[in-house]
Amino acid sequence: MTFLTPLFLIAAVAGTIPVILHMINRQKAREVPFSTLRFLRISVKKTRRKQRIHDILLMLLRAAVLVLIAVGLAAPTLTSLPALLGSGSGSAVAIILDNSASMGTIDEGNPRFETARKAAYQILDQLEDGDQVALFLTGGPAFPEQGRLDRTHERVRQMLAAARVSHERADLGVAVQQARALLTDTEAGHRQIYIISDMQKLSWESLAKSQPAETDKKDQDEEIPVIIVDCNRAPKPNVAVAGVRLEAPVPVAGLPITATVELFNSASVPQKRLLELYTDGSKRATSPALEIPAGGRVRHDFQFSFELGGLHRGEVRLSGEDGCPLDDRRFFAIDIDRGIPVAVVKNEKHEIPYLEDTFYLEQALSAGPSGGSALQLTTLTAADLPSEPLSQYKIVYCVNLPAPSSEAADRLARYVENGGNLFWIAGDRIEPEAYNNADAQTNNRLLPARLGQVRLATDETITATDDTDTDQAGKTRDSWNIAQLDKEYPAFETLLDPAALYRSVLVYQHVSLEKGSELLSAAEGGDEARDKTGLRVLARLDDGQPILVERSLGHGKILMLGTSVHTGWTNLPLRPIFLPMMVRIAFELTGAEQGRYQALAGAPLVLQFDKQSQPVGVEVIPPSGETIRVKTTQPNTDTSSEKTDQDGTETNTTSLKQSGQTFRYTNTHTPGIYLVKPLEASELGSVAFSVNIDPDEAESATVEREDLKNRLGVKTVIFAENPYDLSETFDWLRQGRGMWEFFLFVVLLGLVFETFLSNWFSPKESGEQGEQ
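The structure presented is a predicted model; accordingly, all values stated were derived computationally and were not measured. (Residues numbered from 1 in each chain as written. Predicted model: local features only at pLDDT ≥ 70, side-chain atom pairs only at ≥ 80, totals over all residues. Heavy atoms only, no water.)

1. Examining the overall build of the protein chain
Tallying secondary structure elements over the protein chain gives 17 helices and 38 strands in all. Put simply, 73% of the contacts in the protein chain that link residues at least 6 apart link residues at least 24 apart. Surface summary for the protein chain: the accessible area is close to 38600 Å², and the carbon and sulfur share equals 51%. (Helix = DSSP H or I, 4+ residues; strand = E, 2+ residues; numbered from the N terminus. Contact = heavy atoms within 4.5 Å. Areas by Shrake-Rupley, 256 points an atom, 1.4 Å probe, with all protein chains shown as cover.)

2. Notes on helix 4 (residues 154–162)
Helical periodicity: at 3.6 residues per turn, an α-helix aligns residues three or four positions apart in one direction. Burial in helix 4 covers these residues: Val156, Met159 and Leu160. Down the axis of helix 4, the buried set is contained in an arc of 100 degrees. They therefore lie on one face. Here the buried face of helix 4 lies against strand 3 (91–97), helix 3 (112–126) and strand 6 (132–137). (Buried < 20%, exposed > 50% of the residue type's maximum accessible area, 1.4 Å probe, protein only. Arc of directions from axis to C-beta.)

3. Here we look at the packing of aromatic side chains
Summed over the entire model, instances satisfying the criterion amount to 10 aromatic pairs. Seen from their ring centres, phenylalanine 359 and tyrosine 360 are 5.2 Å apart, and the 80 degrees between their planes marks the pair as edge-to-face. Judged by its relative accessible area of 14%, tyrosine 360 is buried. Among the aromatic residues, those joined into a cluster by ring pairs are Phe304, Phe306 and Phe332. Here the guanidinium or amino end of arginine 284 rests over the ring plane of phenylalanine 306, the centre of that ring lying 5.8 Å away. The residue whose ring lies beneath arginine 317 is tyrosine 278, and the NZ or CZ to ring-centre distance is 3.8 Å. (Phe/Tyr/Trp six-rings, centres within 6.5 Å; stacked < 30°, edge-to-face > 60°. Lys NZ or Arg CZ within 6 Å of the ring centre and 35° of its normal.)

4. Here we look at the environment of aspartate 131
Tracing the sequence through the fold places aspartate 131 in the loop between helix 3 and strand 6. Assessed through its relative accessible area of 5%, aspartate 131 is described here as buried. Sequence separation of aspartate 131 and alanine 92 is 39 residues, and the distance between their C-alpha atoms is 6.0 Å. Engagement of the side chain of aspartate 131 in a polar contact is seen with the backbone nitrogen of glutamate 128, the distance being 2.9 Å. (Polar contact = N/O pair within 3.5 Å; in protein donor to acceptor, adjacent residues only side chain to side chain.)

5. Comments concerning the pattern of salt bridges
Within the structure shown, the criterion is met by 35 salt bridges. One salt bridge in this structure joins lysine 346 and glutamate 356, with 2.6 Å as the shortest N-O distance. Separated by 10 residues along the polypeptide, lysine 346 in strand 17 (residues 340–346) and glutamate 356 in the loop between strand 17 and helix 7 (359–365) bring together distant segments of the chain. The pair lysine 346 / glutamate 356 is uniform in exposure class, with both members buried. Residues arginine 455 and aspartate 543 are paired through a salt bridge, measuring 2.8 Å at the closest nitrogen-oxygen approach. Placement of arginine 455 in strand 21 (residues 451–456) and of aspartate 543 in the loop between strand 25 (535–541) and strand 26 (546–553) is noted, with a sequence separation of 88 residues between them. With a relative accessible area of 9%, arginine 455 lands in the buried category. The exposure class of aspartate 543 is partly exposed, given its relative accessible area of 24%. (Salt bridge = Lys/Arg side-chain N within 4 Å of Asp/Glu carboxyl O.)

6. Overview of the packing of helix 3 against helix 4
Where helix 3 meets helix 4, the closest approach of the two axes is 10 Å, and the angle between their N-to-C directions is 170 degrees. As summarised for this structure, helix 3 and helix 4 are arranged roughly antiparallel, according to the angle between their axes. Across the interface between the two elements, Arg117, Ala120, Tyr121, Leu124 and Asp125 of helix 3 pack against Val156, Arg157, Leu160 and Ala161 of helix 4. Residues of the contact of helix 3 with helix 4, tallied by class, amount to 6 nonpolar, no polar and 3 charged. (Axes fitted to C-alpha atoms, helices over the stretch in contact; angles between N-to-C directions. Parallel < 35°, antiparallel > 145°, perpendicular 65-115°, else oblique. Nonpolar A, V, L, I, M, F, W, Y, C, P; charged D, E, K, R; others polar.)

7. Brief notes about unusual backbone geometry
Across the junction of aspartate 497 and proline 498, the peptide omega takes the value 5 degrees, indicating a cis bond. Positionally, proline 498 belongs in the loop between strand 22 (480–485) and helix 10 (500–503). If you check the backbone angles, asparagine 443 has positive phi at about 60 degrees while not being a glycine. Secondary-structure assignment places asparagine 443 in the loop between helix 9 (432–441) and strand 21.

8. Examining the pairing of strand 14 (residues 297–304)
A one-sided burial pattern is seen for strand 14, the buried positions being Val298, His300, Phe302 and Phe304 and the unburied ones Arg297, Arg299, Asp301 and Gln303. Note that strand 10 (residues 257–265) and strand 14 share 8 bridges and pair antiparallel. Within strand 14, the residue paired with valine 261 across the bridge is histidine 300. (Pairing = 2+ DSSP bridges.)

9. What to know about the nonpolar core
Generally speaking, a soluble globular protein has its nonpolar side chains buried in company with each other. Judged by nonpolar contacts, the single largest core of 45 residues is most densely connected at Leu361, Tyr397, Phe423, Phe492, Leu548 and Ile585. The dominant element in this core, judged by the number of residues it contributes, is helix 13 (residues 578–590), at 8 residues. Each residue touching tyrosine 397, except ones within four places of it in the same chain, is listed here: Val342, Ala343, Val344, Val345, Leu361, Leu365, Phe423, Ile425, Met582 and Ala586. Core analysis: the next-biggest nonpolar cluster, separate from the first, contains 33 residues, Leu380, Ala408, Leu513 and Leu553 among them. (Core = buried A, V, L, I, M, F, W, Y, C linked by side-chain atoms within 4.5 Å.)

10. Here's the deal with the environment of threonine 115
Tracing the chain through its elements places threonine 115 in helix 3. With a relative accessible area of 6%, threonine 115 lands in the buried category. Sequence-wise, threonine 115 and asparagine 232 are 117 residues apart; in three dimensions their C-alpha atoms are separated by 9.9 Å.

11. Notes on the pairing of strand 29 (residues 605–609)
Because side chains alternate across strand 29, one face comprises the buried residues Leu605, Leu607 and Phe609, and the other comprises Val606 and Gln608, none of which is buried. In this sheet, strand 34 (residues 661–665) lies alongside strand 29 in antiparallel orientation, the contact comprising 5 bridges. Within the sheet, the bridge partner assigned to leucine 607 lies in strand 34 and is phenylalanine 663.

12. Quick notes on the confidence of the model for the protein chain
Overall, the predicted model of the protein chain reaches an average pLDDT of 82, with 74% of residues at or above 70. Predicted confidence is poor over residues 638–658, with pLDDT under 50, and the contacts of this stretch with residues over four places away or in other chains come to 26 contacts. For residues 765–772, every residue scores under 50 in pLDDT, and the model assigns this stretch 1 contact once sequence neighbours within four places are set aside. (pLDDT = per-residue confidence, 0-100.)

This is the structure:
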């Protein structure tokens, strides 16, 4: 406890006045002659004892009242904090300024960040010359002086003036740890951390719930208090564009594309908004008025197409005013008629194209009006395999071929290991034993797994365990149907619903995988085993047999479709799923899947050049339009062919030593389209990254104060109630909490009690008259 006006404590001497008066006014019993004194002496003793107690109590009470009045006039304050200013030993202050996207919300007529900036200026104005201060921002480009203590305060003021709201999420937990580490190393007598934020809950996720913050011994000896300035008061209702998903079964010119846009209403009341679609800088469509329930989400579909091929940029925007303009836009990019080189290998060319095993596959891969195509198709024959330069193709489809020769098999295996994608498709020319022998000659680098027998549906009976009606059990089959697709495979994302899309595919004959195959057995063992072997089952029949599998090998992949792509073994080529399935698998294998290259603002853009051993020059064109050139780097981590288990034993694995080059670009603070162009020949062409604001920034949930105190793990956490005027908070820090109200209450209570005691001990007149 301290006193703002300690001179008034001298008035406490007045507490001796009742004592002095008590000593002066002590009454002595008057002597009166009386004949019989025996009973009178007893009565006088009792009366004198009561009067003495009465006088002492009143004396002490009156003295206490006077002393309390003096203490109250001395303005007592109660605080466990050292003074912020005027200490003589200097202060060190860290200001954590939340400039995440949610701080761009309009709150009480102004952006929250502007309120926060003014609060930071108030803190600077309270510091004295020589006091140290550091500024921490939670997002956006970092200033060189950010996070450094400054005695002149000028650099901090310059940073505050230049700071802007970022499009990124705040990590206040990390900022607090950095501020603590900085202040702990200072010799300042007094240290404080100011956090100016909107208290968004997700900003504090990095602080472990109910776990004390880690501090060293020096920090434990003198705890650093935390002062939190809450800028979340009365936000304007906000609707955010939470996501855009493109669905283009075949991204070629003239064919329809669907953009599904999701809106999120963070307000507590329903909202109506208009949504606009722009492509290549031109407005394409406007939605009807969309009603979004309080705290709810709605989706709207735009359908459009492009007349020309190439890279197209697009965005969706909310029309009209909104609570947070930063989350009213979302960008996307799509590559039309990309022309990815693929090869389809057939046994031999037929005079009637319809009769060729590859007819439907070629039609699917070359689909597109006016000659446009997302894939550049080349047809080969089995005789071309020993001599054709396979490295120029992203995918090689081998359709119903006899087992390859040793030379062709070795070339195909090396093609896969060097980053190619080999897609086997079954048919009546497949002889499992011959294929298994060719696979063995390449040390199991030709097939995804050993082949089993050729199964015919009419030779099978329906069992009760099949994925079919139980009343069909025991009957002879006509066909199998595809009962399951891998839900985690990105190419199948839009093909899972409705299930009839793939369940309507009938298979009359197929090549099974050998049940005793080591790779297949491992793939059935779960994700861990699948990761170890590289084998993945993408589709199953209704009796559980794999019909489409994929295996990673080296830098490439091997796929096997157990049935044909003609109408003899299946109706797959005639079903609506065939074209989008084959095209999307092709895009997934070649890295051209739409939506693959997306990132959040502030997150790095990363590309892996697996085939490059030397640095590759890469040109980056950000939304600003400037051209930036960078070089790829060698990955820092290597994975050897042996690893040490947790128990210390070494086990052989199929992993290869990591090689190649990595492209990494970190200046992604501005949302928009970032075009990445390798300047040298590589396996990757131009890539367009869509960088957008984190959709979670629209969440309005705030952290509870008690929960936050537990997360911070310090005893002293002060919440500033008014970000517009921090004077009360500064007074509290200087002076502590005023106690004069408490002392005034005690004085009044003492006076009431004194009056009560005085009346209680005074003799009653009626009683005296009765005695007379």
